[in-house]
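A closer look at the structure
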Amino acid sequence: MKNITRLCSSKPTVTVNGRYPGPTIYAREDDTLLIKVVNHVKYNVSIHWHGVRQVRTGWADGPAYITQCPIQPGQVYTYNYTLTGQRGTLWWHAHILWLRATVYGAIVILPKRGVPYPFPKPDHEKVIVLGEWWKSDTENVINEALKSGLAPNVSDAHMINGRPGLAKNCPSDQGYKLSVKNGKTYLLRIVNAALNEELFFKVSGHLFTVVEVDAVYVKPFKIDTIVIAPGQTTNVLLTASKSTGKYLVTASPFMDSPIAVDNVTATATVHYSGTLSSSPTILTLPPPQNATSVATNFTNSLRSLNSKKYPALVPTTIDHHLFFTVGLGLNPCPTCKAGNGSRVVASINNVTFVMPKIALLPAHYFNISGVFTPDFPKNPPHVFNYSGGSVTNMATETGTRLYKLPYNATVQLVLQDTGVIAPENHPIHLHGYNFFEVGRGLGNFNPKKDPNNFNLVDPVERNTIGVPSGGWVVIRFRADNPGVWFMHCHLEVHTTWGLKMAFLVENGKGPNQSILPPPKDFPKC
């Protein structure tokens with residue numbers, strides 16, 4: 001715990017090595033990492049290495065009660081995994097309670113020595129991690145919400161590298177300063193580590209060239225504003241094309257449905273060398289909070305590089321066709337006074353996931369019965385006008401249910417937002433895999449017409465995908481990594497409410513197609 005002051009108010013904060021944001025991990029493609037985590041706080045802790053494939057090493061993936069029991073106070077666990085065939089920007093964060101509000105940092109995976117980037121080599125690289133800050137203890141924020149049955153309080157500020165920038169009523173808060181030199185090019189490795197908010201990111205007077213998302217190269221394109229959901233990463237080239245000056249950087253929320261967000265814009269500056277600090281900053285306006293077109297413009301521009309060296313291996317024949325609705329619901333809660341005897345919940349295919357007391361991966365590996373059932377529904381239990389959302393019964397079922405996949409099976413998964421309570425953009429993250437986004441649209445997915453427009457040539461490949469508000473997205477992947485793999489909404493409030501499930505991928509028959517045995521220091525529940 002460390003006392004950290006932001007917005008002119010201090011609080012004891014859970015940090016890694018006393019740093020907020022936490023340290024950046026630098027490695028190269030195919031390196032093996034050994035990361036010793038010592039728990040000195042009163043909370044149970046676990047760390048997830050977001051976007052790392054963890055081929056056969058689910059024990060190191062990190063989500064508490066899914067792949068491991070948490071590291072208890074005073075205990076130690078060494079995460080041991082290899083960055084097999086991955087290069088780019090990923091990130092790490094706590095994966096228990098709401099601790100990831102402050103326990104997070106970037107992972108920079110450089111290409112193998114001598115392997116160039118598939119774009120012009122930048123002169124410098126900078127890590128930019130976006131986040132959210134609450135003046136109060138985030139554990140209290142979510143606990144109060146769970147007691148009331150209502151949504152938690154929104155954050156007090158957004159952060160750029162741990163700083164809010166120009167904060168009202170708090171002149172002592174300085175913004176992050178990105179120092180640049182005229183004519184130089186900078187690779188910005190941008191991570192959205194916010195708990196609950198998608199963010200727009202822009203720099204006044206400058207264009208970005210987008211070259212990578214979620215540690216996968218994309219066909220480069222120029223744009224002035226990127227949109228980035230919690231869990232996602234985006235690498236952009238920024239050329240310092242002006243002679244001098246200070247230029248405003250903004251990180252502001254994107255929300256295109258009637259849901260409360262923290263509407264405070266975080267600011268930073270791009271500061272050209274030779275510019276006086278007293279000179280005025282050249283301003284820019286962030287996009288309107290509901291600027292769907294700005295977000296769509298960015299999302300629709302993403303295409304896999306699909307070169308000889310970096311091909312897009314999209315599955316073309318499908319073994320498992322899955323259709324999952326994602327959205328909110330309302331269950332009875334007699335003690336929830338503020339919620340009039342109801343509590344807001346979230347679900348996939350109307351199943352609100354219940355976290356087990358014993359972690360799922362060891363339960364599967366050691367055949368411990370009674371922890372989960374492998375009967376997660378492949379289709380919604382009731383067919384209705386999903387995106388329209390007017391249903392009389394908003395109750396969900398509860399259970400710890402997994403969907404079983406044979407090794408190497410190909411999967412097509414339709415993720416359909418529902419309008420129950422409110423339609424909303426859900427950034428869905430799948431652990432242990434990347435996947436291809438082959439199609440997206442608004443309204444209800446039409447299985448007869450919509451597949452005609454799928455992109456099976458160069459669809460973007462990622463680990464976290466935004467299901468559009470009142471719409472659908474279709475992803476494809478090959479289940480070639482045995483283990484138990486969590487899939488959940490990366491809006492922390494929705495994960496807490498139950499918008500989560502897991503895939504159980506069975507071992508294959510070949511020599512390298514089975515889960516490796518657990519490490520000796522694997523935490524006990």
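Rules used in this analysis
Residues numbered from 1 in each chain as written. Predicted model: local features only at pLDDT ≥ 70, side-chain atom pairs only at ≥ 80, totals over all residues. Heavy atoms only, no water. Phe/Tyr/Trp six-rings, centres within 6.5 Å; stacked < 30°, edge-to-face > 60°. Helix = DSSP H or I, 4+ residues; strand = E, 2+ residues; numbered from the N terminus. Buried < 20%, exposed > 50% of the residue type's maximum accessible area, 1.4 Å probe, protein only. Pairing = 2+ DSSP bridges. Axes fitted to C-alpha atoms, helices over the stretch in contact; angles between N-to-C directions. Disulfide = S-S within 2.5 Å. UniProt positions renumbered as here; feature names shortened; annotations may be inferred. Polar contact = N/O pair within 3.5 Å; in protein donor to acceptor, adjacent residues only side chain to side chain. Contact = heavy atoms within 4.5 Å. Salt bridge = Lys/Arg side-chain N within 4 Å of Asp/Glu carboxyl O.

All right, on to the packing of aromatic side chains then. Evaluation of the coordinates by the stated rule reveals 29 aromatic pairs. Aromatic side chains tyrosine 433 and phenylalanine 477 sit 5.3 Å apart centroid to centroid with 45° between the ring planes, which places their arrangement in the tilted category. In this pair, tyrosine 433 sits in the loop between β27 (426-430) and β28 (435-442) while phenylalanine 477 sits in strand β31 (residues 471-478), placing the two residues 44 residues apart along the sequence. Accessibility classification places tyrosine 433 together with phenylalanine 477 in one group, the buried group.

To continue, consider the sheet that holds strand β8 (residues 104-110). Pairing is mixed across the open sheet formed by four strands, whose spatial order is β3-β8-β7-β5. One side of each edge strand has no neighbouring strand; the edge strands of this open sheet are β3 (25-28) and β5 (47-50). The sheet shows a mean angle of 20° between the axes of neighbouring strands, taken without regard to direction. The pairing of β5 with strand β7 (residues 88-94) spans four bridges and is antiparallel.

The strand order across the open sheet built from six strands is β10-β9-β12-β17-β14-β15, with neighbouring strands paired in mixed fashion. Of all strands in the sheet, those bounded by a partner on one side alone are β10 (157-160) and β15 (216-223). Strand after strand, the sheet turns through a mean of 20° between neighbouring axes, direction not considered. Sheet topology places strand β14 (residues 208-213) next to β15; five bridges connect them, and they run antiparallel.

What follows deals with the state of the cysteines. Scanning the model with the defined rule gives three disulfides in all. With its sulfur 2.1 Å from that of its partner, cysteine 8 forms a disulfide with cysteine 170. Between cysteine 8 and cysteine 170 the disulfide shows an S-S torsion of about 90°. By sign, it is right-handed. A residue pair is termed long-range when its members are at least 10 positions apart, and cysteine 8 in the loop between β1 (2-6) and β2 (9-13) and cysteine 170 in the loop between β10 and β11 (176-180) qualify at 162 residues. For cysteine 170, a relative accessible area of 2% gives the class buried. Disulfide pairing places cysteine 69 opposite cysteine 525 at an S-S distance of 2.0 Å. The sign of the -95° torsion about the S-S bond sets the cysteine 69-cysteine 525 disulfide as left-handed. You can see cysteine 69 sitting in the loop between β5 and β6 (76-82) and its partner cysteine 525 sitting in the segment after β33 (500-505), a full 456 residues away along the chain. Overall, the relative accessible area of 5% leaves cysteine 69 in the buried class.

UniProt's entry tags residues 2-112, 126-274 and 376-508 with the feature "domain: Plastocyanin-like" (unreviewed entry), counted in the numbering of this structure. A distance of 37 Å separates the end C-alpha atoms of residues 2-112, which is 0% helix and 41% strand. From the first C-alpha to the last, residues 126-274 spans 20 Å; its make-up is 7% helix and 48% strand.

Time to look at the side chain of histidine 158. Here histidine 158 is to be found in strand β10. One polar contact links histidine 158 to glutamate 197, side chain to side chain, over a distance of 2.6 Å. A polar side-chain atom of histidine 158 sits 2.6 Å from the main-chain carbonyl oxygen of valine 264. Each residue touching histidine 158, except ones within four places of it in the same chain, is listed here: Gly131, Glu132, Arg163, Pro164, Glu197, Leu199, Ala251, Pro253, Asp262, Val264 and Ala266.

Among the ten residues in strand β9 (residues 124-133), seven count as buried, and that is most of the element. As paired elements, β9 and strand β12 (residues 185-192) share seven bridges and run parallel to each other. Residue pairing across strands places lysine 126 opposite leucine 188, the latter belonging to β12. Inspection of the sheet shows β9 paired to β10 by four bridges, in the antiparallel sense.

With that settled, the discussion passes to the pattern of salt bridges. This model, assessed by the stated rule, comprises 13 salt bridges. As a salt-bridge pair, aspartate 375 and arginine 401 come within 3.2 Å of each other at their nearest N and O atoms. Here the residue aspartate 375 occupies a position in the loop between α3 (360-365) and β24 (397-399), and arginine 401 occupies one in the loop between β24 and β25 (402-405), the gap between them amounting to 26 residues. Notably, a salt bridge pairs lysine 404 with glutamate 506, separated by 3.8 Å at the nearest N-O pair. Within this pair, whereas lysine 404 is found in strand β25, its partner glutamate 506 is found in the segment after β33, the two being separated by 102 residues in sequence. Relative accessible area serves as the criterion here: at 38%, lysine 404 is assigned to the partly exposed category.

All right, on to the pairing of β2 then. Bridge count between β1 and β2: five bridges; the pairing is antiparallel. Along β2, the bridge assignment pairs lysine 2 with threonine 13. What sits between the antiparallel neighbours β1 and β2 is a turn of two residues, in which leucine 7 has the positive phi angle 55°.

Mapped onto the fold, asparagine 44 is located in the loop between β4 (32-38) and β5. In this structure the C-alpha to C-alpha distance between asparagine 44 and proline 164, which are 120 residues apart in sequence, comes to 28 Å. Every residue in contact with asparagine 44, bar those within four places of it in the chain, is listed here: Asn39, Tyr65, Pro70, Ile71, Gln72, Pro73, Ile96 and Leu99.

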